[in-house]
Amino acid sequence: KSEVADVGEYRIPFTTRLWGMRLAVQRGHEALSTVQELQHLLSQPVIMSSPTARDELMTDMDRAIKLLSTSVGVKPNVSVKGDIILEGGLVAAILQATKGKKLMYRSIELLDDEKRWTLIPVILARVLLIDRDGQNDDDQEVEEQLLKIISKFVNQSCDRLELSMTNDETSVTKDTHE
């Protein structure tokens, strides 16, 4: 059954933001499942002992992670090599549904640091600006998990930065004393 728009024209079915979010979440779950299966395969001794099989699976893993990244709203900028584009509206739409939030917290740790940093402001804005009184327990629990994962990542990034700065200071000190 087609819906009729206010202007008297027919809408194309499945083109609303909700359907776009559902499709992105579905594709994201499929990509996440593929990544998890490939991780399992890569942990097998028989695969690890075969460089050809391992390389082939790593290529598949890279593709699956790119698809996962695109599904959660971060994609490469084809115009500028090495640059990425954030689809903030898609991220916000994904985070409206519990299934989308679950996808995000299960996926974010699989993405590289640059993509995580790109997603974090949108995730925080969406999660922290929501009225938690109107949420169900499942939504609140999933959001708490997502915030824990983000906090852990931020802390690890700070630790790496401190270690890097300490190593830099040590090498500068050695250079000046020699």
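Further up the page is the structure itself.
Keep in mind that this is a model prediction, so the values were computed, not measured.

Chemist: Looking at this structure, how should I read helix H6 (residues 113-128)?
Modeler: Think of an α-helix as turning once every 3.6 residues; residues three or four places apart then point the same way. Counted at 1.5 Å a residue, the expected span for H6 with its 16 residues is 22 Å, and the 22 Å between its end C-alpha atoms agrees. Largest kink in H6: about 30°, centred on Ile-120, with the proline Pro-121 one to four residues after it. Along H6, the residues that are buried comprise Lys-115, Arg-116, Thr-118, Leu-119, Ile-120, Val-122, Ile-123 and Val-127.

Chemist: Even after reading the chapter, I still don't get helix H5 (residues 98-107), so can you show me in this structure?
Modeler: Of all 10 residues that make up H5, seven are buried, and the element is covered over most of its length. Among all positions of H5, only Thr-98, Gly-100, Lys-101, Leu-103, Met-104, Tyr-105 and Ser-107 are buried.

Chemist: Would you mind showing me how to read the packing of aromatic side chains here?
Modeler: Each aromatic ring pair is described using two quantities: the centre-to-centre distance and the angle formed by the ring planes. Taken as a whole and assessed by the stated rule, the structure comprises one aromatic pair. Relative to Phe-153, the ring of Trp-117 lies with its centre 5.0 Å away and its plane at 50°, an arrangement referred to as tilted. Placement of the pair is Trp-117 in helix H6 and Phe-153 in helix H7 (residues 137-177), with a sequence separation of 36 residues. You can call Trp-117 partly exposed: its relative accessible area is 41%. Using a relative accessible area of 3% as the deciding quantity, one classes Phe-153 as buried.

Criteria and cut-off values
Throughout this document, residue positions are counted from 1 along each chain, in the order its sequence is written. Note on the predicted model: pLDDT of at least 70 is required for a residue's local features to be given, and 80 or more for side-chain atom pairs to be given and counted; whole-chain, interface and lining totals, by contrast, use all residues. Calculation of side-chain values draws on the structure's entire complement of heavy atoms; hydrogens and water are dropped beforehand. Each helix corresponds to a stretch of at least 4 residues labelled H or I by DSSP, and each strand to a stretch of at least 2 residues labelled E; elements are numbered beginning at the N terminus. Take the number of residues in a helix, subtract one, and multiply by 1.5 Å to get its expected span. The reported bend at a residue is simply the angle between two axes, fitted to the 7 residues ending at it and to the 7 residues beginning with it. A 1.4 Å probe rolled over the protein chains alone gives each residue an accessible area, and that area as a share of the maximum for its type sets the label: buried under 20%, exposed over 50%, partly exposed in between. Pairs were defined over the aromatic rings of Phe, Tyr and Trp, the Trp ring being its six-membered one, requiring ring centres within 6.5 Å. Orientation was assigned from the angle between planes: stacked under 30 degrees, edge-to-face over 60, tilted for the rest.

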